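# A structural walkthrough
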Amino acid sequence: MENNFSEKELNPLASIEEWEDDVLERYPEPFEKSKEEYRNYVDSARQDTVKEFYRLNHTFQTYEFAKNKQEHFLKFDKKEMSIWDAVDFLNTLIDDSDPDTSMDQLQHLLQTSEAIRQDGHPDWFVLTGFMHDLGKVLCLFGEPQWAVVGDTFPTGCKHSDKIVYSEFFAENPDSRDPRYNTKYGIYEPNCGLDNVQMSWGHDEYIYRIMKPYIPEEGLYMLRYHSFYSQHREHAYDHLMNAHDHEMFKWVDKFNPYDLYSKVPYPPNVQELRPYYEDLVAKYLPATLKF
């Protein structure tokens, strides 16, 4: 994307984890808040920065933008790394200005995957939890925050009013394009999500990287774990087919581990690493292309 925005204007969040903290405010643990409190944009301490983040995201995430980003990044020619090198690379995203966490990315990934393992799920599910945010390396390849994190949504059709801050789509060129601004847009009813161009971000990126290696259930978790307007609001049932609905049962299983596994004390990386080294070696090659 060519523009004259400053770094702060492109990346309004203090940390890319600030978006996840906002998601947790919107969707707290069941019964923790009343239904009326699920979407708190009145007195949230992060309201201004999150709002600006979504203004950028909803303005610039067009159908053509998402397609072009896929063509650019899915060449996988940016860097070749082992998973452990990729995690170390991702850890450089830690921002001392983030007041909510001092944990590095490895500790966050381990919190998610360990919660899954402790509940006795299959090891590919554990690996999926460990890998789910690794696509955030996009930030280190020069992508702005709004093209890496944020609630994902279909492009090429009308934007649902169930998407957070949906009013900002008024500035998105697709909302004025007759090809894209109807309920189905360029798609057919119940065409299946595999035929839908989702907005670009870390979900789609890590899904594509992991596609040859883990079961389809895990791939759905990776690809759609930020698609909150569907797995929380059911806003796009009209595009999903029967297989999507069946697979989204696994997305629903994964979602609580992603949102509610954060605790203030870090996992013991040294103790856990041998298990994860064996797990990664079981499913993945020695290096991956990013």
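Bear in mind the structure is a predicted one, so any value in this text is a computation, not a measurement.

## Focus: the side chain of Glu 114
- Looking at where Glu 114 falls in the secondary structure, it is placed in helix α6 (residues 105-118).
- There is a polar contact of 2.6 Å between the side chain of Glu 114 and the side chain of Tyr 276.
- If near-sequence neighbours (up to four positions away) are discounted, Glu 114 is found in contact with Leu 272 and Tyr 276.

## Quick look at helix α4 (residues 63-73)
- Listed in full, the buried residues belonging to α4 are Tyr 63, Phe 65, Ala 66, Lys 69, Gln 70 and Phe 73. Across the axial projection of α4, the buried residues extend over an arc of 165 degrees, all falling on one side.
- On its buried face, α4 is in contact with α3 (47-60) and α8 (202-210).

## Re the confidence of the model for the protein
- Taken residue by residue, the protein gives an average pLDDT of 88. The fraction at 70 or more is 86%.
- Predicted confidence for residues 31-41 stays below pLDDT 50, and this span has 21 contacts to residues more than four positions away or in other chains.
- In the model, residues 95-101 has pLDDT below 50 throughout and makes seven contacts with residues more than four positions away in sequence or in other chains.

## Comments concerning the side chain of Thr 152
- Secondary-structure assignment places Thr 152 in the loop between α7 (123-131) and α8.
- Accessibility expressed as a relative area gives 5% for Thr 152, which makes it buried.

## As for unusual backbone geometry
- Positive phi is not limited to glycine here, since Phe 76 has a value of about 50 degrees.
- Note that Phe 76 resides in the loop between α4 and β1 (80-81).
- The phi angle at Tyr 165 is positive, at roughly 50 degrees, despite the residue not being glycine.
- Among the structural elements, Tyr 165 can be located in the loop between α7 and α8.

## Quick notes on the pattern of salt bridges
- Here the structure, examined in full by the defined rule, presents 13 salt bridges.
- In this structure, Glu 277 engages Arg 273 in a salt bridge whose closest nitrogen and oxygen atoms are separated by 2.9 Å. On the criterion of helical spacing, the pair formed by Glu 277 and Arg 273 is a turn pair, its members being four residues apart in helix α12 (residues 269-283).
- Taken together, the shared-partner salt bridges in this structure form one network comprising Asp 194, Glu 204, Arg 208 and Arg 223.

## With respect to the packing of helix α2 (residues 17-26) against α3
- At a minimum axis distance of 11 Å, the contact between α2 and α3 shows a crossing angle of 105 degrees. Judged by the angle between their axes, α2 and α3 are roughly perpendicular. In this structure, α2 contributes Glu 18, Trp 19, Asp 22 and Arg 26 to the contact, and α3 contributes Thr 49, Val 50, Phe 53 and Tyr 54.
- Looking at side-chain class alone, the contact of α2 with α3 contains four nonpolar, one polar and three charged residues.

## Here we look at the environment of Glu 246
- In this structure, Glu 246 sits in helix α11 (residues 242-260).
- Accessibility expressed as a relative area gives 40% for Glu 246, which makes it partly exposed.
- In this structure, the C-alpha to C-alpha distance between Glu 246 and Glu 217, residues 29 residues apart in sequence, is 9.5 Å.

## With respect to the packing of aromatic side chains
- Scanning the model with the defined rule gives 25 aromatic pairs in all.
- Considering the side-chain rings of Trp 84 and Phe 130, the 5.7 Å spacing of their centres and the 50 degrees angle between planes classify their relative orientation as tilted. You can see Trp 84 sitting in helix α5 (residues 83-91) and its partner Phe 130 sitting in helix α7, a full 46 residues away along the chain.
- Exposure remark for Trp 84: the relative accessible area of 14% places this residue in the buried category.

## Observations concerning the environment of Leu 140
- Take Leu 140: it is sitting in the loop between α7 and α8.
- Here Leu 140 falls in the partly exposed class, since its relative accessible area comes to 27%.
- For the pair Leu 140 and Leu 90, spaced 50 residues apart in the sequence, the C-alpha separation amounts to 7.7 Å.
- With near-sequence residues (within four places) excluded, Leu 140 lies in contact with Phe 89, Leu 90, Thr 92 and Leu 93.

Cut-offs applied
- Residues numbered from 1 in each chain as written.
- Predicted model: local features only at pLDDT ≥ 70, side-chain atom pairs only at ≥ 80, totals over all residues.
- Heavy atoms only, no water.
- Helix = DSSP H or I, 4+ residues; strand = E, 2+ residues; numbered from the N terminus.
- Polar contact = N/O pair within 3.5 Å; in protein donor to acceptor, adjacent residues only side chain to side chain.
- Contact = heavy atoms within 4.5 Å.
- Buried < 20%, exposed > 50% of the residue type's maximum accessible area, 1.4 Å probe, protein only.
- Arc of directions from axis to C-beta.
- pLDDT = per-residue confidence, 0-100.
- Salt bridge = Lys/Arg side-chain N within 4 Å of Asp/Glu carboxyl O.
- Axes fitted to C-alpha atoms, helices over the stretch in contact; angles between N-to-C directions.
- Parallel < 35°, antiparallel > 145°, perpendicular 65-115°, else oblique.
- Nonpolar A, V, L, I, M, F, W, Y, C, P; charged D, E, K, R; others polar.
- Phe/Tyr/Trp six-rings, centres within 6.5 Å; stacked < 30°, edge-to-face > 60°.

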